[in-house]
Amino acid sequence: MSLAIPPRDPEVTPKRLLLLAIPALAIGVLSALVLWALNSVAAVLDSVLWDGIPGALGVDPSGWWIVVVLTLTGLAVGLVLQFMPGHGGPDSATTELVEPPQPLGNLPSLIIVTVLALAGGVSLGPENPIIAVNSAIMVAMVARLMPSVPMQLVVLLAASGTIGALFGTPVAAALVFTGIVAALKSGGALWDRLFLPLAAAGAGSFTMRLLGQPAFAFDIPVYGAPQALDLLTGTVVAVGAVVVGLAMLAAFPIVYRAMHSLRYPVLVATAGGLLLGLLGLLGGPITMFKGLDQVGELLQDPDKYDAGQLAAMAGIKVVALLIAASSMFRGGRVFPATFIGVALGMLGHALIPSLPLGLAVGCAVVGVLLVVTRDGWISIFVAVAIAGDITILPMLCVIVLPAWLLVSGVPEFRIAAPKKDPASASAPSAPAGAD
């Protein structure tokens, strides 16, 4: 028995790959710099909103100040969406992770609302809008400097560089885009088609490391030798997390319709900000923001929280994610979904003490992200990255299988774009992607 080797694409030669690697590396570096700049501006505004102003006023930033800041954040975002040119581009609730490039005129409003949401404590991540920003910028630059490079390739490289920068490793981009490039009709070996995205992702991740981005890992005890019983208990936790994710999926369109019944962006976003503020007041700052720093806070002292507290934090974050995604805030769903998975994994460990913490967290992260991303590889990658322990990988590769059976036939975790949405009318229709 011999393995069939796919025929080479005659247009993909070592010389062409080498020549295109130069713009791929440049796109990766520039994508990381844009991400770093956006994060830096958001961090400065975050410090002003949550440290500077309440400190000057003598106000507790973990009290009623949360409601004030999130409500005003919603108002500011709504005003930008309603009145600024471009209206922030398409609603993130209706988009994939990788979309056709937006007009450059959309970018100022998109950048403003993204920075406001990140700094104001909205439960969404930066992945969708920053990929949209980088794709638009890189397509415009390459069209002027190297018009022979296909637009689709530039979008792919910009997204790869951004994902590599977000996670600090090109492996994330490789896993995200393996399914996408494998589905393309062009022939040739998969690694030929991944060569340029990997170059962009590697440049993006290396640039972020040079800029001081910390490693995407947390301090969790190493799993150690696999136990047969862990397959059963781990599957229970993963399936439980999938059920939570499916409940989120079922509620998403209901919450979206309820929030959009207010019709005007300024009303939708302000109401969403108020609700997020009340949830933040209830759950505390740990249930706010995109969730990655808050994951570190959770895992810093796992014994600090009992099962009831963990269930409450996961539930509040679920509602916060649904409201944020339904209230016209621009942002991605991967990072807050990861926080939900970590909280559920810690809950699983609290209820099943024999299941090691790292594996419990990994199983729950896989379960939630399978629903949100519909991608097994990226779900496993994030789970292993959070645990910082490669020894859980063989277990997750088995546990993911029954969990995948539960999600393989369900709809994507996004809303069908409205037919008459003025904010999305200027953007082309989206291809299948991953979120």
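Data block above holds the structure.
Everything numeric here is computed off the predicted structure, so don't read it as measured data. (Residues numbered from 1 in each chain as written. Predicted model: local features only at pLDDT ≥ 70, side-chain atom pairs only at ≥ 80, totals over all residues. Heavy atoms only, no water.)

Caption draft 1: Geometry of the pattern of salt bridges. Under the definition given, this model contains three salt bridges. The residue E96 makes a salt bridge to R414 at a minimum N-O spacing of 2.8 Å. Separated by 318 residues along the polypeptide, E96 in the loop between helix 2 (65-83) and helix 3 (107-120) and R414 in the segment after helix 15 (393-407) bring together distant segments of the chain. On the basis of relative accessible area, E96 is assigned to the buried category, the value being 3%. The partner of R414 in a salt bridge is E412, with the nearest N and O atoms 3.4 Å apart. (Salt bridge = Lys/Arg side-chain N within 4 Å of Asp/Glu carboxyl O. Helix = DSSP H or I, 4+ residues; strand = E, 2+ residues; numbered from the N terminus. Buried < 20%, exposed > 50% of the residue type's maximum accessible area, 1.4 Å probe, protein only.)

Caption draft 2: Structural view of empty space enclosed by the protein. Applying the stated criterion across every chain yields a total of three cavities of 30 Å³ or more. Lining of the largest cavity is provided by 20 residues; of these, T95, E99, Q102, N128 and A132 occupy positions nearest its centre. Sort the elements by how many residues they give to the lining of the largest cavity and helix 4 (residues 127-145) lands first, with six residues. Here the lining of the largest cavity is built from residues that sort into eleven nonpolar, six polar and three charged. (1 Å grid on protein atoms, 1.4 Å probe; cavity = no way out; pocket = protein on both sides within 12 Å on 5 of 7 lines; lining within 4 Å. Points joined across faces, edges and corners; volume = space filled by probe spheres on them. Nonpolar A, V, L, I, M, F, W, Y, C, P; charged D, E, K, R; others polar.)

Caption draft 3: Structural view of the packing of helix 11 (residues 307-326) against helix 12 (residues 334-351). Running from N to C, helix 11 and helix 12 cross one another at 160°; their axes reach a closest spacing of 9 Å. Accordingly, the angle class assigned to the pair helix 11 and helix 12 is roughly antiparallel. Like other packed secondary-structure pairs, helix 11 and helix 12 cross with a definite hand, here left-handed. Mapping the contact onto sequence places A307, L310, A311, M313, A314, K317, V318 and L321 in helix 11 and P336, A337, F339, I340, A343, L344, M346, L347, A350 and L351 in helix 12. Tallied by class, residues from the contact of helix 11 with helix 12 come to 17 nonpolar, no polar and one charged. (Axes fitted to C-alpha atoms, helices over the stretch in contact; angles between N-to-C directions. Parallel < 35°, antiparallel > 145°, perpendicular 65-115°, else oblique. Left-handed = near helix turned anticlockwise from the far one by under 90°. Contact = heavy atoms within 4.5 Å.)

Caption draft 4: The arrangement of the packing of helix 12 against helix 13 (residues 357-373) in detail. The interhelical angle for the contact between helix 12 and helix 13, taken along N-to-C directions, is 140°, at an axis separation of 7 Å. Taken together, the axes of helix 12 and helix 13 lie oblique to each other. In the crossing of helix 12 with helix 13, the sense of the turn from one axis to the other is right-handed. Residues V334, A337, T338, I340, G341, V342, L344, G345, M346 and H349 of helix 12 touch helix 13, and the partners they reach there are L357, A360, V361, A364, V365, V368, L369, V372 and T373. Within the contact of helix 12 with helix 13, the residues separate by chemical class into 14 nonpolar, five polar and no charged.

Caption draft 5: Region of the structure containing the nonpolar core. I163, F177, L276, L298, V342 and M346 are the most contacted members of the largest nonpolar core, which has 141 residues in total. If you tally residues by element for this core, the top one is helix 13, at 13 residues. When near neighbours in sequence (up to four residues on either side) are disregarded, M346 contacts L298, L299, P302, Y305, L310, L357 and V361. (Core = buried A, V, L, I, M, F, W, Y, C linked by side-chain atoms within 4.5 Å.)

Caption draft 6: A look at the environment of L81. Tracing the chain through its elements places L81 in helix 2. Along the chain, L81 and P265 lie 184 residues apart, while their C-alpha atoms are 6.2 Å from each other.

Caption draft 7: Quick peek at the packing of aromatic side chains. Within the structure shown, the criterion is met by five aromatic pairs. Taking 5.1 Å as the distance between ring centres and 25° as the angle between the ring planes, the aromatic pair formed by F252 and F413 counts as stacked. Of this pair, F252 sits in helix 8 (residues 228-260) while F413 is found in the segment after helix 15, placing the two residues 161 residues apart along the sequence. For F413, a relative accessible area of 3% corresponds to the buried category. Here the aromatic cluster, defined as three or more aromatic residues joined through ring pairs, consists of F167, F335 and F381. The ring of F335 has K290 sitting right over it, with the charged end atom 5.4 Å from the ring centre. Cation over ring: K317 sits above F339, and NZ or CZ is 5.4 Å from the ring centre. (Phe/Tyr/Trp six-rings, centres within 6.5 Å; stacked < 30°, edge-to-face > 60°. Lys NZ or Arg CZ within 6 Å of the ring centre and 35° of its normal.)

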